[in-house]
Amino acid sequence: MSDFPVLYTTHAVNEDGIEGQAYVPEGLRVTVSSPLKAVPGTNPEQLIGLALSTCLNATLEAIEKEHGQNHQSKVDTTVKMSRDRFGYQFFLDARVTIPEVDAETAAHWLAIAETRCPVAKLVGSSANVTIQLAK
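The present account deals with the structure reproduced in this document. These numbers come from a predicted model, not from an experiment.

### Focus on the sheet that holds strand β2 (residues 20-23)
Now for step 1: Taken together, the three strands give an open sheet; going across it, the order is β1-β2-β3, and neighbouring strands pair in antiparallel fashion. Strands at the two margins of the open sheet, each flanked by one partner only, are β1 (13-14) and β3 (29-32).
Now for step 2: Pairing geometry for β1 and β2, over two bridges, is antiparallel. From the neighbouring strand, N14 faces β2, where its bridge partner is A22.

### What to know about the pattern of salt bridges
Now for step 1: Going through the model one piece at a time under the given rule, you end up with four salt bridges.
Now for step 2: With its nearest N and O atoms 3.4 Å apart, the salt bridge here joins E19 to K37. Residue E19 is located in the loop between β1 and β2, and its partner K37 is located in the loop between β3 and α1 (44-66); the two are separated by 18 residues in the primary sequence.
Now for step 3: Residue K65 pairs with E61 through a salt bridge whose shortest N-O separation is 3.5 Å. Of this pair, K65 and E61 are both found in helix α1, four residues apart, which corresponds to roughly one turn of the helix.
Now for step 4: On the basis of relative accessible area, K65 is assigned to the exposed category, the value being 56%.

### A few points about the side chain of E64
Now for step 1: As for its placement among the helices and strands, E64 is situated in helix α1.
Now for step 2: Within the buried core, E64 has no salt-bridge partner, and the shortest N-O distance to an opposite charge, that of K65, equals 8.0 Å.
Now for step 3: In this structure the side chain of E64 is engaged in a polar contact, spanning 2.9 Å, whose partner is the backbone nitrogen of S73.
Now for step 4: Once you skip the residues sitting within four places of it in the chain, E64 turns out to touch Q69, N70, H71, Q72, S73, I98, E100 and W109.

### So, α1
Now for step 1: The terminal C-alpha atoms of α1, which comprises 23 residues, lie 33 Å apart, in line with the 33 Å expected from a rise of 1.5 Å per residue.
Now for step 2: Among the residues of α1, those classed as buried are E45, G49, L52, S53, C55, L56, N57, T59, L60, I63 and E64.
Now for step 3: Contacts made by the buried residues of α1 are with β4 (74-84), β5 (87-97), α2 (103-116), α3 (118-123) and β6 (129-133).
Now for step 4: Between the side-chain oxygen of the N-cap and the backbone nitrogen of E45 there are 3.1 Å, and the N-cap of α1 in question is N43.

### Remarks on the side chain of S33
Now for step 1: On the secondary structure map, S33 appears in the loop between β3 and α1.
Now for step 2: Look past the residues within four positions of S33 in its chain and what remains in contact with it is I18, E19, V39, P40, G41, T42 and N43.

### Some points on the packing of α1 against α2
Now for step 1: Axis separation between α1 and α2 bottoms out at 9 Å; the angle between their running directions is 125 degrees. Our classification of the angle between α1 and α2 gives oblique. α1 and α2 meet at a crossing whose hand is right-handed. Of the residues in α2, those in contact with L56, T59, L60, I63, E64 and E66 of α1 are W109, L110, I112, A113, E114 and R116.
Now for step 2: Tallied by class, the residues present in the contact of α1 with α2 amount to seven nonpolar, one polar and four charged.

### Comments concerning the nonpolar core
Now for step 1: L52, L56, L60, V96, I98 and I131 are the most contacted members of the largest nonpolar core, which has 21 residues in total.
Now for step 2: Elements represented by at least two residues in this core include exactly α1, β5, α2, α3 and β6.
Now for step 3: Residue contributions to this core peak at five residues, all from α1.
Now for step 4: Once residues within four sequence positions are removed from consideration, L56 is found in contact with V75, V96, L110, A113, E114, C117, A120 and I131.

The rules behind these values
- The residue numbers shown here count from 1 along each chain, following its written sequence.
- Per-residue local features of the predicted model are confined to residues with pLDDT of at least 70, and side-chain atom pairs are confined, for both listing and counting, to 80 or more; whole-chain, interface and lining totals are unaffected and use all residues.
- Only hydrogens and water are removed before side-chain values are computed, so all heavy atoms of the structure are retained for them.
- Pairing between strands is defined by DSSP: at least two bridges between the two strands are required.
- Numbering of helices and strands runs from the N terminus, with a helix taken as a DSSP run of H or I at least four residues long and a strand as a DSSP run of E at least two residues long.
- Basic side-chain nitrogens of Lys or Arg form a salt bridge, by our definition, when they fall within 4 Å of a carboxyl oxygen of Asp or Glu.
- Only protein chains enter the area calculation, which uses a 1.4 Å probe; residues under 20% of their type maximum are buried, those over 50% are exposed, and those in between are partly exposed.
- His is not counted, nor are the chain ends, whereas Lys and Arg count as positive and Asp and Glu as negative.
- Polar contact is defined as a pair of N or O atoms within 3.5 Å, subject to the rule that within protein one atom must be able to donate a hydrogen and the other to accept it, and that residues adjacent in sequence are counted only when both atoms are side-chain atoms.
- Only heavy atoms enter the contact rule, under which two residues are in contact if any of them lie within 4.5 Å.
- The span one expects for a helix is its residue count, reduced by one, times 1.5 Å.
- Whenever a helix is involved, its axis is fitted only over the stretch in contact; in every case the axis is a line through C-alpha atoms, and angles between N-to-C directions fall within 0 to 180 degrees.
- Put simply, angles under 35 degrees are roughly parallel, angles over 145 are roughly antiparallel, angles from 65 to 115 are roughly perpendicular, and the rest are oblique.
- With the far helix as reference, a near helix turned anticlockwise by less than a right angle produces a left-handed crossing, and one turned clockwise produces a right-handed crossing.
- Classification convention: Asp, Glu, Lys, Arg as charged; Ala, Val, Leu, Ile, Met, Phe, Trp, Tyr, Cys, Pro as nonpolar; all other residues, Gly among them, as polar.
- To define a nonpolar core, start from buried Ala, Val, Leu, Ile, Met, Phe, Trp, Tyr and Cys residues and group those joined through side-chain atoms within 4.5 Å.

And the structure:
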């Protein structure tokens, strides 16, 4: 752990595997399913995409506010699943737009956001993750 105090703790539970329910006790409950089957529900690919998009955009929102800007940034994350030697792997591609500022400022703010966003810090060092400004 770190030298800093824990500010928040949550739990996520899956007892059913790839088809059934996953939940946060006393909170969110989602139906989960395999992306390779035509069964209703969400899957790990969607959840990791949402985690990165939401955390990174919330961080960008804070940076926009620090600079007196209204929140306009958007993070659109594509997640692809592929086979590998041991099973499967994910590839994340986060495309960021910050329309109210010039490209140099947007790149600077994104670099700051990548150092602040907990999810970006968690997955950003993976060769399977790309975070960049959209063109």
